[in-house]
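# Descriptive analysis of the structure
So the chains spell out like this:
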Amino acid sequence: MKQVGLAALVGLGFILFLIPLQNYMADQIGVIRRHMVKLTDERVKLVNEFLQAIRVVKYYAWEVPIEERVQSVRSKEVSMLMSYLSAAGRLRELLFSAQPIAAIL
C-alpha cells in the first residue's frame, strides 16, 4: 500500500463510482432500443399491409394517406434512433474517457 499510495485509491474510487452510472446509461439505451424496435415493427407491418392490398390502394387512390401513415411512424422511429445513437455515444465516451481520467487522478 505504501508504494501505491492514496492516489491509486482515488482513481479506484472514481472507477467504482462510474459502474452504477454505466449500468444506468446501458439500461436507458435498452429502453430506447426496445421502443425503437416496436416502432420498426409497426412500420414494417404497415408497409406489408400496403403491399398486400396494392390493387385496392391504387383503385381508391389511397397512396397519399398510406404514405403519410408510414412517414409518421418512420419519423418517430428516426427520432428514437437519434436518441439511441446519442445515448450510445455518451456511454462510449464515458467508457473511453474513464481510464485516462482515473489515471490522472
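Figured I'd write up the structure that's included with this text. What you see is a predicted model; the values in this text were computed from it and never measured.

To continue, consider the overall build of the chain. From N to C terminus, the chain includes 3 helices and 0 strands. Along the chain, helices and strands appear, N-terminal first, in the series α-α-α. Relative to a compact globule of 105 residues, whose C-alpha radius of gyration would be 13 Å, the chain shows 24 Å and is clearly more extended. Summarising its shape, the C-alpha atoms of the chain cover approximately 85 × 15 × 15 Å along the three principal directions. Counting over 105 residues, the chain shows a buried share of 22%. The contacts in the chain between residues at least 6 apart in sequence include a share of 85% that link residues at least 24 apart. As presented, the chain carries roughly 8100 Å² of accessible surface, and 63% of it is formed by carbon and sulfur atoms. Charge centroids of the chain, computed over 13 positive and 9 negative side chains, lie 7 Å from each other.

Here helix α1 (residues 6–52) spans 69 Å end to end across 47 residues, near enough to the 69 Å set by a 1.5 Å rise per residue. For α1, the set of buried residues is Gly 11, Phe 14, Leu 18, Met 25, Ile 29, Gly 30, Ile 32, Met 36, Leu 39 and Leu 46. Those residues of α1 that are buried lie in contact with α3 (63–104).

Moving on, we come to the environment of Val 56. Inspection of the secondary structure assignment puts Val 56 in helix α2 (residues 54–60). Using a relative accessible area of 39% as the deciding quantity, one classes Val 56 as partly exposed. Along the backbone, Val 56 and Ile 29 are 27 residues apart, and their C-alpha atoms lie at a distance of 40 Å.

Taken as a whole and judged by the stated rule, the model has 2 aromatic pairs. Judged by centre distance (5.0 Å) and plane angle (20 degrees), the rings of Tyr 60 and Trp 62 are stacked. The exposure class of Trp 62 is partly exposed, given its relative accessible area of 41%. One aromatic cluster is present, built from ring pairs that chain together Tyr 59, Tyr 60 and Trp 62.

Parameters at a glance
- Every chain is numbered on its own, with residues counted from 1 as its sequence reads.
- In keeping with the predicted nature of the model, local features appear solely for residues at pLDDT of at least 70, side-chain atom pairs appear and are counted solely at 80 or more, and the whole-chain, interface and lining totals rest on all residues.
- Hydrogens and water are ignored here; the side-chain numbers use all heavy atoms of the structure.
- Each helix is a run of DSSP H or I of at least 4 residues and each strand a run of E of at least 2, with the numbering of both proceeding from the N terminus.
- The reference for a compact globule is 2.2 Å times residues^0.38; the radius of gyration itself is calculated from the C-alpha atoms.
- Only protein chains enter the area calculation, which uses a 1.4 Å probe; residues under 20% of their type maximum are buried, those over 50% are exposed, and those in between are partly exposed.
- Should any heavy atoms of two residues lie within 4.5 Å, those residues are considered in contact.
- In short, Shrake-Rupley with a 1.4 Å probe defines the accessible areas, and a residue's cover is counted only from the protein chains shown.
- Just so you know, the count uses Lys and Arg for positive and Asp and Glu for negative, and it drops His and the chain ends.
- To locate a charge, take NZ of a lysine, CZ of an arginine, CG of an aspartate or CD of a glutamate.
- One less than the number of residues in a helix, times 1.5 Å, gives the span that helix is expected to have.
- A pair of Phe, Tyr and Trp rings is counted when the ring centres sit within 6.5 Å of each other, with Trp represented by its six-membered ring. The angle between the planes then sorts it: under 30 degrees is stacked, over 60 is edge-to-face, the rest tilted.

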